[in-house]
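# Remarks on the overall topology
Single-letter residue listing:
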There are 2 protein chains.
Amino acid sequence: MGLETVSTNRAHGGTQGVYKHASSETGTEMEFSVFVPDHEEGAKLPVVFYLSGLTCSQANVTEKGEFRRACAELGLIFVAPDTSPRGEGVPDDAEGAYDFGLGAGFYVNATEAPFDRHYKMRDYIERELPDLIGAEFPADMDRVSIMGHSMGGHGALTIALRNPERYKAVSAFAPIVSPLNCPWGEKALTGYLGADRGAWREYDACALIEDGARLPEILVDQGTADNFLEGQLKPELLAEACAAADQSLTLRMQEGYDHSYFFISSFMADHLEWHAVRL
Amino acid sequence: MGLETVSTNRAHGGTQGVYKHASSETGTEMEFSVFVPDHEEGAKLPVVFYLSGLTCSQANVTEKGEFRRACAELGLIFVAPDTSPRGEGVPDDAEGAYDFGLGAGFYVNATEAPFDRHYKMRDYIERELPDLIGAEFPADMDRVSIMGHSMGGHGALTIALRNPERYKAVSAFAPIVSPLNCPWGEKALTGYLGADRGAWREYDACALIEDGARLPEILVDQGTADNFLEGQLKPELLAEACAAADQSLTLRMQEGYDHSYFFISSFMADHLEWHAVRL
């Protein structure tokens, strides 16, 4: 499980690093970024995992997420993994589309060939990466939370709903709240999991809540000028599922904001403060 | 002087725009970005110009500069121009090097052929762009300041030293303080201005101070882990010139920081607060 340092840069009173390792779950080399604020020797800091959206790697949030200042002030380690396995031999969308395959792992364990060999992003994010972070960084793995954007918001919500004891807080920017009920989700889950929609329910935040999963709280920010709001994201489905299940949800519609990192960076510090209180 | 909107995104309680226009100074289309915080109708806000470094366009600081939160809080318009003319017919470095020609205009009015036709970045930044900003944005052009990074730090310092009545504040991240005394400067000024080093002095912050130019104050942050510190940037030359001329200078050596936007973004809010007090 050796870790190779790709780069480190001093930033905001801490260290922004990019690392890679040979993942046993995906069978590929995986790259991720970690920001560690300066801290007393021997201290262990709480950890926020950030899951990115379609087409992204760790680099998008690392460069444009504006999380470092808040993480330094709040004493949070910030971990940003990639969105899929990559490299030679990793199958992609048949037509190279952006919403399936490379950059679009949807945080599932694929069961359909040929994706079932490398596309194990669920186990990678839920198990392998946390173990690595706990072993290699000054991280208090009893104080962990998770957040994400779009496909990564879907990832954060579903992973937290399946592991409520593990994550002290969960939040999302413009998440895909129900892959069962949007074109992105239908395409991806058909490709990774097959046609049996029953098998999709553990990868659908609304279905998980309907099926009994609960979290203490959920925070979601959603821009009203998001191009994907009506066709793909449908936050009203999450609001309805939470209301029906008495699941606490703070859903904030942000007037005029779109789906970009201009939106994410605007509310990143807010989310990190919300996480810090719960960590 | 018509202005075309390339994009606008809502961000941090304001509008981040990218615009382009046909520049009469450069004879090319020029692109720049402007962040305008929300404000009362009819209000005029002070303006900070940010000049970028070698290889950059407006996009680097717009995406990675982390200036919007502070600008929104402080009520500052933030303008980021390009670093050179671009487009068909604009001559580049003979070997396509990164440190001359495209992306490397050095904020001079070139006098040497073939660069004298389009490379008029001094007049573009000092005159044409401020006029455009004043005409097209809710800007109080009596409250203007300037800052920059590396080559853009050189630009900010020299432009402010030549126009002390115009800029209420000036600061720089890792500036080229003396093109007369570093390889980047010697190459660029030879190419744009010719071999007569006397003609370079108005484009050299240290020489301008030696020749009598003065500013109320100068703020410079410089990382100690900057690869270009000893060979190109040489902040000690600025410290010596300021000391000899009784020019106020705050030079902060920032331990462990490099030349990247990880460094710039770490101290951007500091600089903007320093500017806001003086605007």
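Residues numbered from 1 in each chain as written. Chains lettered and ligands numbered in written order. Predicted model: local features only at pLDDT ≥ 70, side-chain atom pairs only at ≥ 80, totals over all residues. Heavy atoms only, no water.

## Details of the packing of aromatic side chains
All names here are of chain A. This is how it is decided: Pairing of aromatic rings covers Phe, Tyr and Trp, the last through its six-membered ring, and needs centres within 6.5 Å; plane angles under 30 degrees mean stacked, over 60 mean edge-to-face, and all others mean tilted. Comment: elements are numbered from the N terminus, with helices defined as DSSP H or I runs of at least four residues and strands as E runs of at least two. Lysine NZ or arginine CZ positioned within 6 Å of the ring centre and within 35 degrees of the ring normal marks a charge as sitting over the ring.
Taken as a whole, this structure holds 32 aromatic pairs over all chains when the rule is applied. Measuring from ring centre to ring centre gives 6.5 Å for Tyr98 and Trp184, while their planes differ by 85°; the resulting arrangement is edge-to-face. On the criterion of sequence distance, the pair formed by Tyr98 in the loop between β5 (77-81) and α3 (121-136) and Trp184 in helix α5 (residues 183-193) is long-range, its members being 86 residues apart. Members of the aromatic cluster, joined through ring pairs, are Phe35, Tyr50, Phe67 and Phe78. Over the aromatic face of Trp274 sits the side chain of Arg278, whose NZ or CZ is 3.9 Å from the ring centroid.

## Description of the interface of chain A and chain B
To be explicit about the condition: Contacts: residue pairs with any heavy atoms within 4.5 Å of one another. Summed over both partners, the accessible surface that disappears when two parts come together, traced with a 1.4 Å probe, is what is meant by buried area. Think of a salt bridge as a Lys or Arg side-chain nitrogen and an Asp or Glu carboxyl oxygen that are within 4 Å of each other. The term polar contact refers here to a pair of N or O atoms within 3.5 Å; inside protein, the definition further demands a hydrogen-donor-capable atom paired with an acceptor-capable atom, and it admits residues adjacent in sequence only when both atoms are side-chain atoms. Three categories are distinguished: nonpolar for Ala, Val, Leu, Ile, Met, Phe, Trp, Tyr, Cys and Pro, charged for Asp, Glu, Lys and Arg, and polar for the others, with Gly belonging to the last.
The interface of chain A with chain B comprises 22 residues on the first partner and 22 residues on the second. Counting each side, the surface lost to burial between chain A and chain B is near 2,000 Å², with a carbon and sulfur contribution of 47%. Along the contact surface separating chain A from chain B lie two salt bridges. A salt bridge links Arg68 of chain B to Glu66 of chain A; its shortest N-O distance comes to 3.7 Å. One can count 14 residue pairs in polar contact (both at pLDDT 80 or more) joining chain A with chain B. For the side of chain A that touches chain B, the secondary-structure elements that each account for two or more residues are β1 (3-11), α1 (58-64), α2 (68-74) and α9 (261-278) of chain A. When residues of the side of chain A that touches chain B are assigned to their parent elements, the largest contribution, five residues, is made by α9 of chain A. Here the side of chain A that touches chain B is built from residues that sort into five nonpolar, nine polar and eight charged.

## Comments concerning the sheet that holds strand β4 (residues 45-51) of chain B
Pairing between sheet strands relies on hydrogen bonds along the backbone, with the strands arranged either parallel or antiparallel. Residues and elements named next belong to chain B. The line we're drawing: Two strands pair if DSSP finds at least two bridges between them. All axes are obtained by fitting lines to C-alpha atoms, using only the stretch in contact for helices, and the reported angles, taken between N-to-C directions, cover 0 to 180 degrees.
Ordered by their spatial adjacency, nine strands build an open sheet running β1-β2-β3-β5-β4-β6-β7-β8-β9, and the pairing between neighbours is mixed. At either end of the open sheet lies a strand with only one pairing partner, and these are β1 (3-11) and β9 (250-254). Taken over all neighbouring pairs, the strand axes of this sheet differ in orientation by 20° on average, direction set aside. Relative to strand β2 (residues 14-22), β1 is paired through eight bridges, and the arrangement is antiparallel. Across the sheet, Ser7 pairs through a bridge with Val18, a residue of β2. Its contacts with the sheet place helix α3 (residues 121-136) against β1, β2, β3 (29-37), β4, β5 (77-81), β6 (139-149) and β7 (167-173), and it is angled at close to 50° to β3.

## Description of empty space enclosed by the protein
Residues and elements named next belong to chain A. The criterion, for reference: In the cavity and pocket records, a cavity denotes points on a 1 Å grid over the protein atoms alone where a 1.4 Å probe fits but cannot get out, a pocket denotes an open set with protein on both sides within 12 Å along at least 5 of 7 lines, and lining residues are residues with an atom within 4 Å of a point. Grid points are joined across faces, edges and corners, and a volume is the space filled by probe spheres set on the points.
Tallying each qualifying case throughout the model produces one cavity of 30 Å³ or more. In this model, the largest cavity occupies a volume close to 50 Å³. Lining the largest cavity, in full, are Tyr167, Lys168, Ala169, Val170, Leu215, Pro216, Glu217, Trp274 and Arg278. Per-element tally for the lining of the largest cavity: the top contributor is strand β7 (residues 167-173), with four residues.

## Concerning the sheet that holds strand β6 (residues 139-149) of chain A
Residues and elements named next belong to chain A. Taken in spatial order, the nine strands of this open sheet run β1-β2-β3-β5-β4-β6-β7-β8-β9, and their pairing is mixed. Each of the sheet's edge strands pairs with one partner strand only, and the pair in question is β1 and β9 (250-254). On average, each strand axis in the sheet is tilted by 20° relative to the strand beside it, whichever way the strands run. Of the strand pairs in this sheet, strand β3 (residues 29-37) and β5 are connected by four bridges, and their pairing is antiparallel. The residue of β5 that forms the bridge with Phe35 is Phe78. On the sheet, α3 packs against β1, β2 (14-22), β3, β4 (45-51), β5, β6 and β7 and is oriented at approximately 50° with respect to β3.

## A few points about unusual backbone geometry
Which entries qualify depends on this criterion: Relative accessibility under 20% of the residue-type maximum defines a buried residue, over 50% an exposed one, and the middle range a partly exposed one, all with a 1.4 Å probe and only protein chains included.
Here the amide bond leading from Ala113 of chain A into Pro114 of chain A is cis, since omega sits at 0°, within 30 degrees of zero. Notably, Thr55 of chain B is not glycine yet its phi reads approximately 80°, a positive angle. For Thr55 of chain B, the position within the fold is in the loop between β4 and α1 (58-64). Accessibility expressed as a relative area gives 51% for Thr55 of chain B, which makes it exposed. Of note in this structure, Ala174 of chain B is not a glycine but carries a positive phi near 45°. The class for Ala174 of chain B is buried, based on a relative accessible area of 0%.

## Side note on the pairing of β7 of chain A
Residue and element names in this part refer to chain A. The cut-off we apply is this: When the strands point away from the viewer, a crossover counts as right-handed if the route from the first strand across the helix to the second turns clockwise.
Most of β7 is tucked away, with six of its seven residues classed as buried. Bridge count between β6 and β7: five bridges; the pairing is parallel. Counted as the bridge partner of Ile146 is Val170 from β7. Chirality of the crossover, the property in question, places the unit of β6, helix α4 (residues 151-162) and β7 among those that are right-handed. The pairing of β7 with strand β8 (residues 219-223) spans three bridges and is parallel.

## Brief notes about the pattern of salt bridges
Applying the stated criterion across every chain, the model contains 36 salt bridges over all chains. In this structure, Asp221 of chain B and Arg252 of chain B form a salt bridge, with 2.7 Å as the shortest nitrogen-oxygen distance. Of this pair, Asp221 of chain B sits in strand β8 (residues 219-223) while Arg252 of chain B is found in strand β9, placing the two residues 31 residues apart along the sequence. It is possible to trace a salt-bridge network through shared partners that takes in Arg122, Glu126, Arg162 and Glu202 of chain A.

## A short note on the relation of the copies chain A and chain B
To keep things clear, this is the line we draw: The superposition of copies rests on a least-squares fit of C-alpha positions from residues with pLDDT of 70 or more in both.
When chain A is fitted to chain B, the residual RMSD is 0.0 Å, and the transformation amounts to a turn of 180° plus an axial shift of 0.0 Å. Interpreted geometrically, this transformation is the action of a two-fold axis. Judged by C-alpha distance, Lys64 of chain A is the residue of chain A that lies nearest the rotation axis, at 2.7 Å. By residue overlap, the copies meet face to face through one surface: 100% of the interface positions of chain A are interface positions in chain B.

## Observations regarding the side chain of Arg68 of chain B
Locating Arg68 of chain B in the fold gives a position in helix α2 (residues 68-74). Separated by 2.8 Å, the side chain of Arg68 of chain B and the backbone oxygen of Thr62 of chain B make a polar contact. Every residue in contact with Arg68 of chain B, bar those within four places of it in the chain, is listed here: Glu66 and Phe262 of chain A together with Ala11, His12, Gln16, Phe35, Thr62 and Glu63 of chain B.

## Digging into α3 of chain B
Basically, it comes down to this: We define the bend at any residue as the angle between the axes fitted to the seven residues before and including it, ending there, and the seven starting there.
At Glu128 of chain B, α3 of chain B shows its largest kink, close to 35°, and the proline Pro130 of chain B lies no more than four residues downstream. Regarding α3 of chain B, the residues found buried are Met121, Arg122, Asp123, Tyr124, Ile125, Glu126, Glu128, Leu129, Pro130, Leu132 and Ile133 of chain B.

## Describing the confidence of the model for chain A
The cut-off we apply is this: Each residue carries a pLDDT value, the predictor's own confidence for that position, ranging from 0 to 100.
In this model, chain A carries an average pLDDT of 97, and 100% of its residues clear a pLDDT of 70 or more. Across the assembled chains, the prediction reports ipTM 0.94 with pTM 0.96.

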